[in-house]
Each structure stands twice: as C-alpha cells, then as structure tokens.
Amino acid sequence: MKQYIVDAFTDQVFHGNPAAICILDEWLPEKRMMDMTAENNLSETAFAVKEGIGYRLRWFTPGGEIDLCGHATLACAYVLLHFYEPEAQRIPFQTLSGELTVEKHGDLYEMDFPAYELKPIPVTEQMIDAIGAAPREAYLGRDLLCVFDSEETIRRMQPDQEKVRVLDGLLLQVTAPGTDTDCVSRTFAPKCGVAEDPVCGSGHCHIIPYWAKAFGKRELVAYQASRRGGTLYCRMDGDRVKLAGKAALYSVSELFI
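Values in this document were obtained by computation on a predicted structure and should not be read as measured data.

Draft legend 1. Quick look at empty space enclosed by the protein. One pass over the structure, following the stated rule, counts two cavities of 30 Å³ or more. Volume-wise, the largest cavity comes out at about 110 Å³. Forming the boundary of the largest cavity are 14 residues, of which Glu44, Thr61, Ile66, Leu171 and Asp197 lie nearest the centre. Each residue belonging to the lining of the largest cavity can be placed in one class, and the counts come to eight nonpolar, three polar and three charged. Empty space within the second largest cavity amounts to approximately 40 Å³. Around the second largest cavity, the lining residues are Leu144, Val164, Leu167, Asp168, Gly169, Leu170, Leu171, Leu172, Pro190 and Lys191. Considering only residue class, the lining of the second largest cavity consists of seven nonpolar, one polar and two charged.

Encoded structure:
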C-alpha cells in the first residue's frame, strides 16, 4: 500500500498542514485505519476508495474520525489528480458532510464546502481563562469561534490545552483582522489529540462566513498564523464556502502492513 504525505495550503514543504493520504482498493477495518493514524501522528490521515465517478473519503485524527477536514481533502485531491486521475480537473468526494468537490485551477485546488451556521454565545470567564485573552465576540458552530481585535494577540496566543478541552465546540478557532490578509487565525484541537492544527480548512467554514459578513465582501484571503503558516483563498457562495490553496508533495512511501 502506498501512502503520500502532502503539505496543504502552501507551495513549500515544511509549511502548510501535512496530511497522510492512502488510496485504497477496499476499506480497511476501522481499527487498522486508527492504528495507521496514530502511527503517522499527524493531525489528519485520510483514506479514499473509488465509488463510481468519484471517491468515498474519510478523515481520521489521532482522537478519532471527524465529519469534515479541509487540508486532507485538498491533499487527497492533489494525490488523485497527480497519480490516479491525471486527465481530470475535478474530483467529487462522498463524505460524512455530503458531496464535496475539488477543482484544479492552475496550481490552486478549490474546494466546495458547507458553511457552518454560527450561533452567538456569551464570552465567559472560562473562555478567557482557557485562551489567556478576552475575545470581543464568541460563536458556536461545530467549533467554538472566538473573535479578537488584534493580529498580534492571535500570533502570541498560548492557550491552556486542558482548559480548552472542556470548552464548547469540537475545535477552538481564534481569529482577528489581518495586516497583510483579510484575516488571520489559529486552530486548537485537544479533543482530537492535536494541540494546534497548522492550517484548518474546516475551521474556515466558520471563519470566512463571519468575516464575509463583517467586511461585506464575498472574496477574502485568509492566513493561518501557526508556526508552519498557510494561505487560503476564499469565497462565499450562498451557504457554501469555496476554499482554495496550493499543495506540496513531501513523500511517497510503501507501507508494510
């Protein structure tokens, strides 16, 4: 079995968000896929099996299977379009979040994802204590989204992982207006066994709807200000979010299982 590691939302290895990708002839037992995910020790390992004209895609974190992952979807599309479907420009995926598509436009891979509905919630002392800074607003979708005024606050943030673990939402998304881009963000995911996700596509299904409404514009450039860093080219399309990014291949390996 081949496994590919692709750095997503970047055109340079050692940047963006790495995902391990396995294209299977048939599904492995779920325990085996979780064992492989733990062995890789990346924020995401994705598995895909061809179904009809597209692929069934599943995403696993070290903490278990999740319902949506952007960077591993981009990475999987990169692998398929380079090694399995070189004549194609578009890959449809069937997932826990319904049908998702990825289209290749030059060196960009554009994903079509659902936007999360954001419910405003009060900023609590528990949030402030866990994050180490006071957000001006908070919202709940799948994840907890906390909005700040300063990019510098986002970059310097060092939340308490154990306190973040007990906050509402699957992941913690923190964001602020950007200096060189429309917005900046970071993603913390201790419930998924990931202290910080370097660049989170599904997180931007919360972040982009917020800033699109706040700025009154449909197209935004977002930067994830983790240590690795990554850039997303985003567009609101009704209740969908278009997320585009580049990708860089780090490795192709043979698994002996």
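Structure's up, so let's keep going.
Draft legend 2. Quick peek at the pairing of strand S4 (residues 54-61). Among the eight residues in S4, seven count as buried, and that is most of the element. Where strand S3 (residues 45-51) meets S4, seven bridges bridge the pair, whose relative direction is antiparallel. The residue of S4 that forms the bridge with Glu51 is Gly54. Across two bridges, the pairing between S4 and strand S6 (residues 90-95) is parallel. Bridge pairing in S6 places Tyr55 opposite Phe93. Of the pairings in the sheet, the one linking S4 to strand S5 (residues 64-66) comprises three bridges and is antiparallel in character. What sits directly across from Thr61, in S5, is Gly64. Taking the residues that link successive antiparallel strands as the turn, the S4-S5 hairpin has two residues.

Cut-off values and rules
Residues numbered from 1 in each chain as written. Predicted model: local features only at pLDDT ≥ 70, side-chain atom pairs only at ≥ 80, totals over all residues. Heavy atoms only, no water. 1 Å grid on protein atoms, 1.4 Å probe; cavity = no way out; pocket = protein on both sides within 12 Å on 5 of 7 lines; lining within 4 Å. Points joined across faces, edges and corners; volume = space filled by probe spheres on them. Nonpolar A, V, L, I, M, F, W, Y, C, P; charged D, E, K, R; others polar. Buried < 20%, exposed > 50% of the residue type's maximum accessible area, 1.4 Å probe, protein only. Helix = DSSP H or I, 4+ residues; strand = E, 2+ residues; numbered from the N terminus. Pairing = 2+ DSSP bridges.

What is shown is where atoms sit, not what they do.
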